[in-house]
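A structural walkthrough
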Amino acid sequence: MKKIIVLITCFFGFFLLPIVVVHADSISSGFGIVIDGKFDDWSGKPMTDFYEEGTNGNVTYKLSMLSDDQYLYLYVNMIPYGGHQSGLQTAGYVITIGNKKYDISFLNVPGNLSAGQTASFSAGVWDETSYTYKTNGVGYVNAYSETFPADTSLYRKGTYTNSVAEVKIPITDFNLSTISGQSITLANSNLGYQHITIEGASTGPYIIMGIGFLLALFGFFGITYKKKNNHEKIGFH
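Remember, it's a predicted structure, so these values are computed and weren't measured experimentally.

Examining the overall build of the protein
In terms of helices and strands, the protein carries two helices and 10 strands. Its helices and strands taken in sequence order, the protein reads α-β-β-β-β-β-β-β-β-β-β-α from the N to the C terminus. Per-residue burial over the protein gives 38% buried out of 237 residues. Contacts spanning at least 24 positions in sequence make up 58% of the contacts within the protein whose residues lie at least 6 apart.

Focus on the pairing of strand β4 (residues 93-97)
In terms of residue burial, β4 counts as a mostly covered element, since four of its five residues are buried. As paired strands, β4 and strand β5 (residues 100-107) are joined by five bridges and run antiparallel to one another. Its bridge partner lying in β5, Thr 96 is registered against Lys 101. Here β4 folds back onto β5, and the loop between the two strands holds two residues, one of which, Gly 98, carries a positive phi near 65 degrees. As paired strands, β4 and strand β9 (residues 183-187) are joined by four bridges and run antiparallel to one another. Its bridge partner being in β9, Ile 97 is matched across the sheet by Ile 184.

Quick word on unusual backbone geometry
Phi is positive for Asn 108, which is not a glycine, with a value near 60 degrees. Structurally, the position occupied by Asn 108 is in the loop between β5 and β6 (118-127). Taking the relative accessible area as the measure of exposure, Asn 108 reaches 67% and is therefore exposed. Non-glycine residue Asn 175 carries a positive phi angle of around 55 degrees. Looking at the element boundaries, Asn 175 is found in the loop between β8 (158-170) and β9.

Regarding the pattern of salt bridges
Counting across every chain of the model gives one salt bridge. Of the charged contacts, one joins Lys 62 and Asp 49 as a salt bridge, the two residues approaching to 2.6 Å between their closest N and O atoms. One end of the pair, Lys 62, is in strand β2 (residues 60-67); the other, Asp 49, is in strand β1 (residues 48-50), with 13 residues separating them in the sequence.

Thoughts on a nonpolar patch on the surface
Nonpolar side chains collect at one region of the surface, where Trp 126, Tyr 131 and Tyr 133 lie side by side and expose about 360 Å² of accessible area between them. Inspection of the secondary structure assignment puts Trp 126 in strand β6. Trp 126 sits in the partly exposed class, given a relative accessible area of 31%.

Remarks on the confidence of the model for the protein
Across the protein, pLDDT averages 76, with 65% of residues at or above 70. The low-confidence segment residues 6-30, where pLDDT is below 50, has 34 contacts with residues more than four positions distant or belonging to other chains. Low pLDDT, under 50, characterises residues 223-228; the predicted model gives this stretch two contacts beyond four residues in sequence or across chains.

Here's the deal with the side chain of Asn 142
Structurally, Asn 142 is set in strand β7 (residues 132-148). Reaching out from Asn 142, the side chain makes a polar contact with the backbone oxygen of Gln 117 at a distance of 3.3 Å. Within polar-contact distance, the side chain of Asn 142 engages the side chain of Thr 118 at 2.8 Å. Every residue in contact with Asn 142, bar those within four places of it in the chain, is listed here: Phe 39, Gly 116, Gln 117, Thr 118, Asn 162, Ser 163 and Val 164.

The rules we used
- Residues numbered from 1 in each chain as written.
- Predicted model: local features only at pLDDT ≥ 70, side-chain atom pairs only at ≥ 80, totals over all residues.
- Heavy atoms only, no water.
- Helix = DSSP H or I, 4+ residues; strand = E, 2+ residues; numbered from the N terminus.
- Buried < 20%, exposed > 50% of the residue type's maximum accessible area, 1.4 Å probe, protein only.
- Contact = heavy atoms within 4.5 Å.
- Pairing = 2+ DSSP bridges.
- Salt bridge = Lys/Arg side-chain N within 4 Å of Asp/Glu carboxyl O.
- Patch = residues over 30% accessible without salt bridge, like charges linked within 9 Å, V, L, I, M, F, W, Y side chains within 5 Å.
- Areas by Shrake-Rupley, 256 points an atom, 1.4 Å probe, with all protein chains shown as cover.
- pLDDT = per-residue confidence, 0-100.
- Polar contact = N/O pair within 3.5 Å; in protein donor to acceptor, adjacent residues only side chain to side chain.

Here it is, written out as structure tokens:
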């Protein structure tokens, strides 16, 4: 009976433990982001303020970067605060993965969107190490309006149209098969001197799965060995 119980434990240790752990890791690494021109799925995700020196943060852009084992996800909100009309910044993005650098550009972005309009575009990746260029990234940009009822020391009274975008880029566009455990940094000096650094999707869940399975097997063979010893001591051969 004990053998049956331990074998069941082995089964659950091998199959169910990784399901629970992988699910948790997927949520923390950006799973659930859908590139469709709707940005509600970015709510609650980590955001970083980018601003140029001398503005004291008054002209602020919000950026985010997330990853899973297949894609790198980018979010760019040109001016969520402030009153300058601004289209999407399409160039100057530099991503560093480990010790390799890549230049990212947004391609075929319409420059005349009216508030409420959404358009798709592609993203290009230039690998500074291998001198290759790939354009499999996809994104959406949306124009939205922001109204300031009165003049301030920084902005004039009026309604301004700004842009927000989301992009996903396949890991293979970086000429990598995995980004597991690697440091990934995003910067753009056109938007500010800040940067974002994240950790690539981890293989941790599979390591934990392996440990769990080995512990279950150890328990099974330990019980078997103990029973065999007990039988030998009382004369059963």
